[in-house]
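# Structural features, examined
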Amino acid sequence: DHEICVSHTNKENLVLRAALAPGGVSVIPNAVNTSRFLPDPSRRPSRPTINVVVVSRLTYRKGIDLLVDAVPAICHRYPFVNWIIGGNGRR
């Protein structure tokens with residue numbers, strides 16, 4: 001048997017909680033099909049604007065509270081940041 005996780009943190013948690021041997025667990029990160037999701041360079045904002053994209057389940061467990069706390073500080077320090085946030089879920 002072999003286990004697969006989507007992140008190294010997920011692997012560490014699984015190994016510790018299920019008492020598995022680390023060699024029996026692999027990490028295969030979630031991926032984006034770049035041939036299907038290719039950004040259109042003409043739609044990029046002009047400099048110095050930066051887009052920050054977050055796609056996640058918007059729940060406390062996934063750390064949305066940390067994002068909510070960080071956004072104002074980032075916007076204050078870097079006024080040229082645009083946020084694009086996608087997902088669903090309760091906080």
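These numbers were taken from a predicted model, which means no experiment stands behind them.

In this section: the overall build of the protein chain. Along the backbone of the protein chain there are two helices and four strands. Helices and strands appear in the protein chain in the N-to-C order β-α-β-β-α-β. Relative to the globule expectation of 12 Å for 91 residues, the C-alpha radius of gyration of the protein chain, 18 Å, shows a markedly less compact shape. Dimensions along the principal axes, computed over C-alpha positions, put the protein chain at roughly 50 × 35 × 25 Å. Residues counted as buried form 12% of the 91 residues belonging to the protein chain. Restricting to contacts in the protein chain with at least 6 residues of sequence separation, those with at least 24 account for 51%. When the accessible surface of the protein chain is summed, it comes to about 7900 Å², and 55% of that surface belongs to carbon and sulfur atoms.

It is worth spelling out the environment of Val54 at this point. Within the element layout of this structure, Val54 appears in strand E3 (residues 50–55). Sequence-wise, Val54 and Gly86 are 32 residues apart; in three dimensions their C-alpha atoms are separated by 6.2 Å. Every residue in contact with Val54, bar those within four places of it in the chain, is listed here: Leu67, Ile84, Ile85 and Gly86.

Cut-offs applied
- Residues numbered from 1 in each chain as written.
- Predicted model: local features only at pLDDT ≥ 70, side-chain atom pairs only at ≥ 80, totals over all residues.
- Heavy atoms only, no water.
- Helix = DSSP H or I, 4+ residues; strand = E, 2+ residues; numbered from the N terminus.
- Rg over C-alpha atoms; globule rule 2.2 N^0.38 Å.
- Buried < 20%, exposed > 50% of the residue type's maximum accessible area, 1.4 Å probe, protein only.
- Contact = heavy atoms within 4.5 Å.
- Areas by Shrake-Rupley, 256 points an atom, 1.4 Å probe, with all protein chains shown as cover.

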